[in-house]
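Each chain, written out:
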Amino acid sequence: MGEPRGGAGGAADLSHDVNAAWQRLASQPTPPTPAGSVGALANRMLVYTRPNHVPAVAPVVDRRRGGLILAGAQTGKRMRLLDQADFDAPVLVDPAAYEHYAATPEQPFWSPQDQLSRLSLQELLDQQLLAGATAALTPTGYVRAGDTDSLKAAAGKVKKLQRSDTILVAPLDIALLGKKFINQTIAILADAGCPVALILGKQFDPLTQSPAIIPNLRTLALRVPLLAMRTDFNAFDLVAHGAFAGAIGTGGSIRHTVEPPTKPSAFNPADASPSVLFPHLICWWKGSKIAKLYGARPRQAARCSCSVCDGERLSRFLRRSDQSEALRHGVAVWSGMAADMLDAPTMRQRAEYWRNVCVGSVAEHENIPRQLQMAEPPTTAAALDQVGEAAGLAGRANGHHLSCG
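Keep in mind the model is a prediction, meaning the values are calculated, not measured. (Residues numbered from 1 in each chain as written. Predicted model: local features only at pLDDT ≥ 70, side-chain atom pairs only at ≥ 80, totals over all residues. Heavy atoms only, no water.)

1. A few points about the overall build of the protein chain
Part 1: Along the backbone of the protein chain there are 12 helices and 10 strands.
Part 2: Burial analysis of the protein chain (405 residues in total) assigns 57% to the buried set.
Part 3: Total accessible area on the protein chain is roughly 17,000 Å²; 50% of this is exposed by carbon and sulfur atoms. (Helix = DSSP H or I, 4+ residues; strand = E, 2+ residues; numbered from the N terminus. Buried < 20%, exposed > 50% of the residue type's maximum accessible area, 1.4 Å probe, protein only. Areas by Shrake-Rupley, 256 points an atom, 1.4 Å probe, with all protein chains shown as cover.)

2. A few points about the environment of Ala221
Part 1: Inspection of the secondary structure puts Ala221 in helix H7 (residues 213-223).
Part 2: Ignoring any residue separated from it by four or fewer positions in sequence, one finds Ala221 in contact with Leu226, Leu238, His241, Gly242 and Ala243. (Contact = heavy atoms within 4.5 Å.)

3. Topic: the sheet that holds strand S1 (residues 44-49)
Strand pairing in a sheet relies on backbone hydrogen bonds, with the paired strands running either antiparallel or parallel.
Part 1: If you trace the eight strands from one edge of the open sheet to the other, you get S3-S2-S1-S8-S7-S6-S5-S4, paired in parallel fashion. The open sheet has two edge strands with one neighbour each: strand S3 (91-94) and strand S4 (136-137).
Part 2: Note that S4 and strand S5 (residues 166-173) share two bridges and pair parallel. Considered in S5, the bridge of Ala136 is made with Thr166. (Pairing = 2+ DSSP bridges.)

4. Remarks on the nonpolar core
Part 1: Counting 103 residues, the largest nonpolar core has Leu177, Phe236, Phe278 and Trp354 as its most contacted members.
Part 2: Val38, Val169, Ala197 and Ile254 belong to the second largest nonpolar core, which has 22 residues in total. (Core = buried A, V, L, I, M, F, W, Y, C linked by side-chain atoms within 4.5 Å.)

5. Structural notes on the packing of aromatic side chains
Part 1: Inspection of every chain in the model, using the stated rule, returns five aromatic pairs.
Part 2: A ring pair is formed by Phe233 and Phe236, whose centres lie 5.4 Å apart and whose planes are at 45°; its orientation type is tilted. No difference in accessibility class separates Phe233 from Phe236, as the two residues are buried.
Part 3: Linked through ring pairs, Phe233, Phe236, Trp284 and Trp354 together constitute an aromatic cluster.
Part 4: Lying over the aromatic face of Trp284, Arg255 brings its terminal NZ or CZ to 3.6 Å of the ring centre. (Phe/Tyr/Trp six-rings, centres within 6.5 Å; stacked < 30°, edge-to-face > 60°. Lys NZ or Arg CZ within 6 Å of the ring centre and 35° of its normal.)

6. Some thoughts on the packing of helix H1 (residues 18-26) against H7
Part 1: Taken N-terminus to C-terminus, the directions of H1 and H7 make an angle of 60°; their axes are 11 Å apart at the nearest point. Crossing hand, H1 versus H7: left-handed. Where H1 abuts H7, its residues Val18, Ala21, Trp22 and Leu25 lie against Arg218, Thr219, Leu222 and Arg223.
Part 2: Across the contact of H1 with H7, the residue classes tally to five nonpolar, one polar and two charged. (Axes fitted to C-alpha atoms, helices over the stretch in contact; angles between N-to-C directions. Left-handed = near helix turned anticlockwise from the far one by under 90°. Nonpolar A, V, L, I, M, F, W, Y, C, P; charged D, E, K, R; others polar.)

7. Some points on the pairing of strand S10 (residues 283-286)
Part 1: Of the two faces of S10, only one is covered, namely that formed by Cys283 and Trp285; the face formed by Trp284 and Lys286 stays uncovered.
Part 2: Pairing analysis gives four bridges linking strand S9 (residues 275-278) to S10, with the strands arranged antiparallel. Opposite Val276, over in S10, you have Trp285 as the bridge partner.
Part 3: What sits between S9 and S10 in their antiparallel hairpin is a turn of four residues, with Ile282 showing a positive phi close to 50°.

8. Some points on the side chain of Arg218
Part 1: For Arg218, the position within the fold is in helix H7.
Part 2: A polar contact of 2.8 Å, which involves the side chain of Arg218, links it to the side chain of Asp237. (Polar contact = N/O pair within 3.5 Å; in protein donor to acceptor, adjacent residues only side chain to side chain.)

9. Side note on the packing of helix H10 (residues 323-342) against helix H11 (residues 347-371)
Part 1: The contact between H10 and H11 brings their axes to 8 Å, and the two run at 145°. Of the residues in H11, those touching H10 at Met337, Asp340, Met341 and Leu342 are Arg350, Tyr353, Trp354 and Val357.
Part 2: When grouped by side-chain class, the residues that make up the contact of H10 with H11 number six nonpolar, no polar and two charged.

10. Description of the layout of surface pockets
Part 1: Within this model, the second largest pocket holds a volume of roughly 460 Å³.
Part 2: Those elements that provide at least two residues to the lining of the second largest pocket are helix H3 (75-84) and helix H4 (121-130). (1 Å grid on protein atoms, 1.4 Å probe; cavity = no way out; pocket = protein on both sides within 12 Å on 5 of 7 lines; lining within 4 Å. Points joined across faces, edges and corners; volume = space filled by probe spheres on them.)

11. Considering unusual backbone geometry
Part 1: The omega torsion across Pro260 and Pro261 is 5°, close enough to zero to call that bond cis.
Part 2: Relative to the helices and strands, Pro261 resides in the loop between strand S8 (245-249) and S9.
Part 3: Positive phi values are uncommon outside glycine, yet Gln162 reaches one of about 50°.
Part 4: Mapped onto the secondary structure, Gln162 falls in the loop between helix H5 (148-161) and S5.
Part 5: Relative accessible area serves as the criterion here: at 73%, Gln162 is assigned to the exposed category.

Here's what the structure looks like:
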């Protein structure tokens, strides 16, 4: 394992001119656009999904501000179907090697074992492009806590390729983004010389690990051309602070990752109701939990004005058969938010938009129990509660600097 550089100074030690860099970025309309075909992803919030969910979500993808990232096996068939349907937005194919393979310094990238001969990294990337992907994503293994040697090996191999159509996938244990390793992690990724697709690794919510994580992530987005690929709702915060693009997963297991061979833990696998985006609270709840919240007062159940719900109540998602509609609802809701944020005239206004969304969500966590005369409010998403130490682009509101996960 590599040794950390920079000690435990955390975000404050990353650079003496971070605030100056924020000021330069704040007045710009967008972050810098990556060179080559990766530039087609700039200023977009893409839908990250499994191939079997494509038929459900493709009709509600925002072609102007969005796109698709297909994860894992069986993507080739879906890519052909999208091509036949004239899907005219960017599409990426994530091999998601990190779900079953851990990187080593000798082999940071996974290669299929059922081939007569092991394919080179160049050939694996070319396969994605030949299938119709806008740019290629590396098949990087999961980078364990403290394993900067494997991360350095992956960055070095990609740097040697000198391709403008490739994004280095960085599936990082959340410890690599904490105060002990953040300096070294940023230096390694910046040295790769190419855009980076960030994936947060930890069971349950990675953003609960330390209050330093969100400020550190913002500094990473400031220093490295970043696609926030599997970072939960914090993709919005990163795109508001310098990431050139982001993505939101259609399910909890693909909004971040866990170290293999561990599988993501389900909160209640016996509950057949789908996961539903609760727009007022900026979080996903099981449909049964929403229905239970309003159980005594069903006529007060929140309504949703998205193109899928058209004013219907959120308490209706109760059966497994409701999953496709719940997926479309989620994509429609956050796609509208993404378009509003990305259309802001400056980066500072992007960050202010997202801060205001988060402030409103915190207020709703307090308003709903008052309306329903509940003894206790619903639990706020961890990142909504965090008070960021970094000033960021939006300044401070009500004495607090909020981020939203």
